[in-house]
Amino acid sequence: MIELQGVTVGYGREPVLRDLSLTLRRGEIAALIGPNGCGKSTLIKTAAGLLRPLSGEVLLDGKPLRAHAPLELARRIAYLPQSRQIPAITAERMVLHGRFPYLGYPRRYRAEDYEAARRALEAVGAAQLRSREMGALSGGERQKVYIAMALAQETPAVLMDEPTTYLDIGHQLEVMRLATMLRQEGKAVVLVLHDLNLAFRFAGVLHLMQRGELVFSGTPEQLSQSGALEAVFHVRAHRVELPDHSAQYVFE
Amino acid sequence: MKCLRTSSTARLSPRAALTVLFLMLLLSLALSLLLGAVSLAPADLLSALANPSSPTARILMHVRLPRTLASLLAGAALGAAGVIIQSVLGNPLAGPNIIGVNAGAGFFVVLASALWPASLRALPMAAFLGALAAMLLVYSIAKLTGASKLTLVLAGVAINSLLNAGTDAVVTLFPDVLVGSSAFRIGGVAGVSMAQLRPAAVYIGLGLVAALALRHEMDVLALGEDTAKSLGLRVGLMRFFLLLTAAALAGAAVSFAGLVGFVGLIVPHAARLFVGGDSRVLLPASMLLGGASLTLCDVLTRMLFAPYELPVGILLSAIGCPFFLFMLIRRKREVAQG
């Protein structure tokens, strides 16, 4: 549903992404992987419409991204940033902010907004945090609330920049199961991931980046056989069959 | 410090907190009308209404009323400006005085009254332009140099001292500038006339309405630029418009009350302790608390060393500084506790 066509993106003179093309589809988890500073965050921000490319085009459902009004865009694409503010409000208020694109003036929440916020908090397993202050939550709990805010936006595309970083393994797996659930609902799920294990285990498509360029796009299987991992990370992936016939990859 | 942490989670309900603050404001206004060199009894208010030419009525109309309205307007305006600036810049250390808004407004006011001595009406406009110029300057310097919370404050300090030097220069070159007196530098609402208040009140009224109308947007903006943008907010436009509003508010307050330092920085922090960070409550709470605290401080300055009066700016600094230090220490402790 989101298509990047030959985009070049940069903040200063030196472009961070060079002539990059990529398609993100519904019902698919796409993981952006690559070494630090390779442009993953810039790529996901560009796909979310937060950065305007210097050249090239980003299409949302076949229409240029910049032709969509900001609020309309916010009803189609949810984005979880990597660095997050912690305002002095309750978790529920925080999640309700996800309903902003749906509010008319004078910005009053309707019953359906409260309902969407409740569903979102439940989906991330944080219903009990509802009336807690953001400042009083642990890092993992805050993360869940932030993800719930993105879910409350009820968008067909959910883009998350490092949703699992700094979480312990249990919370990491919870986030990935949630991503799987969103995929099953038919959403386009795009994740910047640092952890190759999680990326290989849960993503349908892996986009491997290096120095602002897309090195390889494909399934975990294809990537593990391509040799691109060796070139970028200097590791090799071995496929290990799990008892339930799914596959896990080991890196060495 | 367990009590502090629980106090921030078990707050009054928004309605109760706003009611308490509103009653506090009414009390402070009543005290301000009644107390002073000549103290009045509540019954005198009624008799003054019945007999508008009595000496009591004259004191009320020409001294107490303008002064009370001035502290109410200036306090509410600076409290609101503080909330706006802190949430727009995402920086709790920012305040109208820290990022040079007050100093900018002050400089332009002094300059305008030196160049066009008869232009009382134009002073709020000059203050607004000065506040806006200072704010945009500090903001763009901070953005150029990395846009961290610290660079913003440091840029503010630099621009502040430059603007204050400018004010001093004008006062030195034009020693008989009306508002260039030390009273203006210190800040105070004694001797404010209705003629001074009227044009400023228009700016403040419009500013308060604009701020209240945009408080939801302000909350979204406080989530950070990327999040706000992804929620469909036109971040650049909204930020500019809100800063414009803050400049109008702070500028208008400075145009008649002088450089009343700490109100815009302290009041939002104090209000946040009461009601939390939700702008829909925090903004009206800061307006009420700003009006009440500046008015109460002004009453105190009349009473503390009677028959001498202290300029309210001195008292504000004396109370505000320890409070700000307390906030800093409390913040550090919370960060340390995770």
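Each chain carries its own residue numbering, running from 1 in the direction its sequence is written. All chains are assigned letters beginning at A, and all ligands numbers beginning at 1, according to the order in which they are written. Under the rules for a predicted model, residues below a pLDDT of 70 receive no local features and side-chain atom pairs below 80 are neither given nor counted, while totals for whole chains, interfaces and linings still include all residues. Computation of side-chain values covers all heavy atoms of the structure but excludes hydrogens and water.

Draft legend 1. The arrangement of the sheet that holds strand 7 (residues 157-161) of chain A in detail. All names here are of chain A. Taken in spatial order, the 6 strands make up an open sheet running 6-7-8-3-9-10, and their pairing is mixed. Edge positions in the open sheet fall to strand 6 (77-80) and strand 10 (213-218), since each of these has one partner strand only. The mean angle between the axes of side-by-side strands here comes to 15 degrees, regardless of whether they run parallel or antiparallel. Strands qualify as paired when DSSP identifies two bridges or more between them. In this text, helices come from DSSP runs of H or I with a minimum length of four residues, and strands from runs of E with a minimum of two, each type numbered from the N-terminal end. With 5 bridges connecting them, strand 9 (residues 205-210) and strand 10 associate as antiparallel partners. Bridge pairing links Q210 to E213 in strand 10. Here helix 1 (residues 40-47) sits on the sheet and contacts strand 3 (28-33), strand 6, strand 7, strand 8 (188-192) and strand 9; the angle it forms with strand 7, its principal contact strand, is near 155 degrees. Against the sheet, helix 6 (residues 169-184) contacts strand 3, strand 7 and strand 8, and its axis sits at roughly 155 degrees relative to strand 8. Only the stretch in contact is used when a helix axis is fitted, and all axes are lines through C-alpha atoms; the angle between N-to-C directions ranges over 0 to 180 degrees. Residues count as neighbours in contact if any of their non-hydrogen atoms are within 4.5 Å of one another.

Draft legend 2. Quick peek at the state of the cysteines. When two cysteine sulfur atoms lie within 2.5 Å, the pair is treated as a disulfide. Inspection of the entire model under this criterion finds 0 disulfides over all chains. A disulfide-free cysteine, C321 of chain B has its sulfur positioned 14 Å from the sulfur of C297 of chain B, the nearest such atom.

Draft legend 3. Region of the structure containing helix 12 (residues 235-257) of chain B. Here, expected helix span is obtained from the residue count minus one, scaled by 1.5 Å. For helix 12 of chain B, which comprises 23 residues, the first-to-last C-alpha distance of 32 Å matches the rise-based estimate of 33 Å (1.5 Å per residue) to within 8%. Of the residues trailing helix 12 of chain B, G258 of chain B is marked for its positive phi of about 75 degrees.

Draft legend 4. Seen up close, the packing of aromatic side chains. Centres within 6.5 Å are what make two rings of Phe, Tyr or Trp a pair, Trp counting through its six-membered ring; a difference in plane orientation under 30 degrees is then read as stacked, over 60 as edge-to-face, and the rest as tilted. Applying the stated criterion to the full structure yields 6 aromatic pairs over all chains. The interplanar angle of 70 degrees and the centroid separation of 5.1 Å between the aromatic rings of F200 of chain A and F251 of chain A together place this pair among those described as edge-to-face. Residue F200 of chain A is located in helix 7 (residues 196-202), and its partner F251 of chain A is located in strand 12 (residues 247-251); the two are separated by 51 residues in the primary sequence. Burial classes: relative accessible area under 20% of the type maximum marks a residue as buried, over 50% as exposed, and values in between as partly exposed (1.4 Å probe, protein chains only). By relative accessible area, F200 of chain A is classed as buried at 3%. Seen from their ring centres, F128 of chain B and Y203 of chain B are 6.3 Å apart, and the 45 degrees between their planes marks the pair as tilted.

Draft legend 5. Examining the pattern of salt bridges more closely. For this analysis, a salt bridge means a side-chain nitrogen from Lys or Arg found within 4 Å of a carboxyl oxygen belonging to Asp or Glu. Scanning the model with the defined rule gives 28 salt bridges over all chains in all. Across the salt bridge formed by D278 of chain B and R93 of chain A, the nearest N and O atoms sit 3.4 Å from each other. One end of the pair, D278 of chain B, is in the loop between helix 13 (263-275) and helix 14 (279-304); the other, R93 of chain A, is in helix 3 (residues 91-96), on a second chain. Judged by relative accessible area, which is 24%, R93 of chain A ranks as partly exposed. Salt-bridge contacts for R239 of chain A lead to E241 of chain A; the nearest nitrogen and oxygen are separated by 4.0 Å. By sharing partners, the salt bridges in this structure join R99, R110, E112, D113, E115, R118, R119, E122 and E154 of chain A into a single network.

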